[in-house]
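Single-letter residue listing:
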Amino acid sequence: MSQQDQHSAEDLAMFLAAVDGARPLPKRDRVILDAPKPSPRPRQRELDEAAVIGELLHGPLAIDDWLDLGGADSFVRSGLSRTVLRDLRRGRWSIQGHVDLHGMNRHEAHEQVTEFVAESLAAGKRCLRIVHGRGHGSPGREAILRQLVKVWLGRCKDVLAFCHAPPSDGGDGALWVLLKAGGKARDRS
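Residues numbered from 1 in each chain as written. Predicted model: local features only at pLDDT ≥ 70, side-chain atom pairs only at ≥ 80, totals over all residues. Heavy atoms only, no water.

### Thoughts on the pattern of salt bridges
The cut-off we apply is this: Definition used for salt bridges: Asp or Glu carboxyl oxygen within 4 Å of a side-chain nitrogen of Lys or Arg. Only protein chains enter the accessibility calculation, which uses a 1.4 Å probe; a residue whose area is less than 20% of its type maximum is buried, one above 50% is exposed, and one in between is partly exposed.
Summed over all chains, the structure comprises four salt bridges. As a salt-bridge pair, Glu-46 and Arg-41 come within 2.9 Å of each other at their nearest N and O atoms. According to the relative accessible area criterion, Arg-41 is exposed, its value standing at 52%. In this structure, Arg-92 engages Asp-87 in a salt bridge whose closest nitrogen and oxygen atoms are separated by 3.5 Å. Asp-87 sits in the buried class, given a relative accessible area of 17%. Among the charged side chains, a salt-bridge network with shared partners connects Arg-86, Asp-87 and Arg-92.

### Remarks on the packing of aromatic side chains
Two measures describe an aromatic ring pair: the distance that separates the ring centres and the angle between the ring planes. The following threshold applies: Any two of the Phe, Tyr and Trp rings considered here, Trp counted by its six-membered ring, make a pair once their centres fall within 6.5 Å; the pair's planes then place it as stacked at under 30 degrees, edge-to-face at over 60, or tilted in between. Per the convention used, a helix needs a DSSP run of H or I reaching at least four residues, while a strand needs a run of E reaching at least two, with both numbered from the N terminus.
In the structure shown here, the tally under the stated rule is one aromatic pair. For the ring pair Phe-75 and Phe-162, a centre distance of 5.2 Å and an interplane angle of 20° mean the geometry is stacked. Of this pair, Phe-75 sits in strand S1 (residues 74-76) while Phe-162 sits in strand S4 (residues 159-164), and the two are 87 residues apart along the sequence. For the residue pair Phe-75 and Phe-162, the accessibility class agrees, reading buried in each case.

### A closer look at the pairing of strand S5 (residues 174-179)
Put simply, the test is: Whether two strands pair comes down to DSSP finding at least two bridges between them.
Within S5, six of the six residues are buried, which leaves it mostly tucked inside the rest of the structure. The alternating pattern of S5 places Ala-174, Trp-176 and Leu-178 on one face and Leu-175, Val-177 and Leu-179 on the opposite face, and all of these are buried. As judged from the five bridges shared by strand S3 (residues 127-131) and S5, these two strands associate in the antiparallel manner. Each residue of the ladder has a partner; that of Leu-128, found in S5, is Val-177.

### Remarks on helix H5 (residues 106-122)
So the rule is basically this: By this rule, a helix spans an expected 1.5 Å times one less than how many residues it contains. Here a polar contact is taken to be a pair of N or O atoms separated by no more than 3.5 Å, where protein atoms must pair a possible hydrogen donor with a possible acceptor and residues adjacent in sequence count only if both atoms sit in side chains.
Relative to the 24 Å expected for 17 residues at 1.5 Å per residue, H5 spans 24 Å between its end C-alpha atoms, a close match to the ideal helical length. By the burial criterion, the buried members of H5 are Arg-106, Ala-109, Val-113, Thr-114, Phe-116, Val-117, Ala-118, Ser-120 and Leu-121. Its side-chain oxygen placed 3.0 Å from the backbone nitrogen of His-107, Asn-105 serves as the N-cap of H5. Following H5 by one or two positions, Gly-124 has its phi on the positive side, about 80°.

### Let's talk about helix H6 (residues 144-155)
Given 3.6 residues per helical turn, the α-helix brings residues three or four places apart onto the same face. With 12 residues, H6 should reach 16 Å at 1.5 Å per residue; the first-to-last C-alpha distance of 17 Å fits that figure. Of all the residues in H6, the buried ones are Ile-144, Leu-145, Arg-146, Leu-148, Val-149, Lys-150, Val-151, Trp-152 and Leu-153.

### A few points about the state of the cysteines
Selection rule: Count a disulfide wherever a pair of cysteine sulfur atoms falls within 2.5 Å.
Overall, the coordinates contain zero disulfides when judged by the stated rule. Cys-163 supplies the cysteine sulfur nearest to Cys-127, a cysteine that is in no disulfide, at a spacing of 8.2 Å. With a relative accessible area of 0%, Cys-127 lands in the buried category.

### With respect to the nonpolar core
Heads up, the rule is: In this description, a nonpolar core means a group of buried Ala, Val, Leu, Ile, Met, Phe, Trp, Tyr and Cys residues linked to one another through side-chain atoms lying within 4.5 Å.
Core analysis: the biggest nonpolar cluster contains 23 residues, and Leu-101, Val-113, Ile-130, Val-149, Trp-152, Leu-153 and Val-177 have the highest contact counts within it. For this core, the secondary structure elements donating two or more residues are H5, S3, H6, S4 and S5. The biggest single contributor to this core is H6, with seven residues. Within the second largest apolar cluster, 13 residues are counted, among which are Leu-160, Ala-161, Ala-174 and Trp-176.

Any link to function would need more than the numbers given here.
Quick look at the structure:
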């Protein structure tokens, strides 16, 4: 045996003599460390988002909304020449303001569109862009806001015309809107 092995044997004998008569601690006194807890999930937010989506898809619409959901891609106020719509599509007016409705439910979007049109009229803006999205984030990929925004704009007396934006400016996910020149908002529904 080497000298290091002898020291080890001597050290072991001394250790055993030192712990002679010792007994293990009872198990109930030991601390048990649990595995780390998973990060919290925002369950209420998930429930709220699911409720909003369910409301958008299955919530009741007014009878007028059902009748108006014709899916028209463009609109020009009756009594106006179709050249107004043609000029709007061709970009005759520059966009003076825009609003993005992504992530909003229909009530929030309606309020936002109403405020946006009123503020734009008050500021003397004529041509606007409203981004409503294509519905890709909705269950069933239904473009609910796209249809509703058209209904709301068609009811607003201050809207002269609207059409889908060109692909470079949002395409089917956005509308260009032409407002009356000057004046105050009259009917902001």
